[in-house]
Amino acid sequence: MMKQVKFSWHYFNICNHSLGLLLLIAISHSTPVFAAAAANATITVKVAVRAGTCSVNNNETIYLNFGNSVDVESIAPKQYMQPLKYSVHCPNASKPAMKIQVKGAWSLFDKNVLETNNKNLGIEFYRGSNNTRMDINTWYDFTYPTLPIINASPVTDDYQKLTSGAFTASASLVVQYD
């Protein structure tokens, strides 16, 4: 299940998750498959689909405050960067290999930056302690229970003038079993 949440000029909200499904398949047959060519074999396939048992941030909205003093004249990548504080809880995960992504619409000036309702402003994401750019709609591997560090920062279109005012955006934080 994925939920869309809103971003605002003060708050940056990413919420919820999408988890892979675990398919359990049981196969049985009533006559041997190795019977003579003229014999018929009946094969029954039973599939049980179970939702994953993980939760992202206890299904609560994640807030990120960029503060009240973002200067439209001086926004530069990483200048107003804030950490995205979230949790992932998977008590019954069968494998620690997982993937994570920020899923949302990209900006008109950069397809790897989340769009806002201000066409000249976007949200850029970074991962890890070295703050490597984290493109939206791209999967990144991680090993549960160690969660990747994710930071976010407002960025502008270098070729357009940014006007001051509030902005909004929508995205989802998506976690998937590998």
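Quick caveat, the model's predicted, so the values are computed rather than measured.

Reading the values: the criteria
- Residues numbered from 1 in each chain as written.
- Predicted model: local features only at pLDDT ≥ 70, side-chain atom pairs only at ≥ 80, totals over all residues.
- Heavy atoms only, no water.
- Helix = DSSP H or I, 4+ residues; strand = E, 2+ residues; numbered from the N terminus.
- Buried < 20%, exposed > 50% of the residue type's maximum accessible area, 1.4 Å probe, protein only.
- Contact = heavy atoms within 4.5 Å.
- pLDDT = per-residue confidence, 0-100.
- Core = buried A, V, L, I, M, F, W, Y, C linked by side-chain atoms within 4.5 Å.
- Pairing = 2+ DSSP bridges.
- Polar contact = N/O pair within 3.5 Å; in protein donor to acceptor, adjacent residues only side chain to side chain.

Got a sec to walk through the overall build of the protein? Specific residues and values, please.
Helix and strand counts for the protein stand at zero helices and 13 strands. Going from the N terminus to the C terminus, the protein shows its helices and strands as β-β-β-β-β-β-β-β-β-β-β-β-β. Counting all 178 residues of the protein, 37% fall into the buried class. Contacts in the protein between residues at least 24 apart in sequence constitute 74% of all its contacts with a sequence separation of at least 6.

Go over the confidence of the model for the protein, please, and point to the residues and values.
Averaged over all residues, the pLDDT of the protein equals 74, while 69% of them reach at least 70. Strand 11 (residues 140-143) holds the highest mean pLDDT among the elements of the protein, 96, whereas strand 2 (residues 22-29) holds the lowest, 27. Confidence drops under a pLDDT of 50 for residues 1-37, and excluding neighbours within four residues, the segment shows 127 contacts in the predicted structure.

Which residues make up the side chain of Q101, and what values do they have?
Relative to the helices and strands, Q101 is located in strand 7 (residues 97-104). Judged by its relative accessible area of 5%, Q101 falls in the buried class. Residues in contact with Q101, not counting those within four places in the same chain, are M134, N137, T138, W139, S172, L173 and V174.

A description of the nonpolar core should follow, citing residues and the corresponding values.
Core analysis: the largest hydrophobic core is formed by 33 residues, its most contacted members being Y86, M98, I100, F125, I150 and L173. Here the element with the most residues in this core is strand 13 (residues 169-177); it accounts for five residues.

An account of the pairing of strand 9 (residues 121-127) is needed here, citing residue identities and associated values.
Among the seven residues that make up strand 9, six are buried, leaving the element largely enclosed by the rest of the structure. For strand 8 (residues 114-115) and strand 9, the ladder comprises two bridges, and the chain directions are antiparallel. Each bridged residue has a counterpart across the sheet, and for E115 the counterpart in strand 9 is G122. The antiparallel hairpin formed by strand 8 and strand 9 contains five residues in its connecting segment. Where strand 9 and strand 12 (residues 150-156) come together, seven bridges link them in antiparallel fashion.

Requested: an account of the side chain of D135, with residues and values cited.
When you line up the elements, D135 lands in the loop between strand 10 (132-134) and strand 11. Separated by 3.2 Å, the side chains of D135 and R133 make a polar contact. Setting aside residues no more than four positions away along its own chain, D135 makes contact with N112 and Y140.

With reference to specific residues and values, describe the pairing of strand 11.
The alternating pattern of strand 11 places Y140 and F142 on a buried face and D141 and T143 on a face that is not buried. Strand direction decides the pairing type here: strand 7 and strand 11, joined by four bridges, are antiparallel. Considered in strand 11, the bridge of I100 is made with Y140.

Which residues make up unusual backbone geometry, and what values do they have?
In this model, Y144 is joined to P145 through a cis peptide bond whose omega is 15°. Within the secondary structure, P145 is located in the loop between strand 11 and strand 12. Unusually for a residue other than glycine, N58 sits at a positive phi of about 50°. Mapped onto the secondary structure, N58 falls in the loop between strand 4 (55-56) and strand 5 (82-83). With a relative accessible area of 54%, N58 lands in the exposed category. Located in the positive-phi region is N131, a residue other than glycine, with phi close to 55°.

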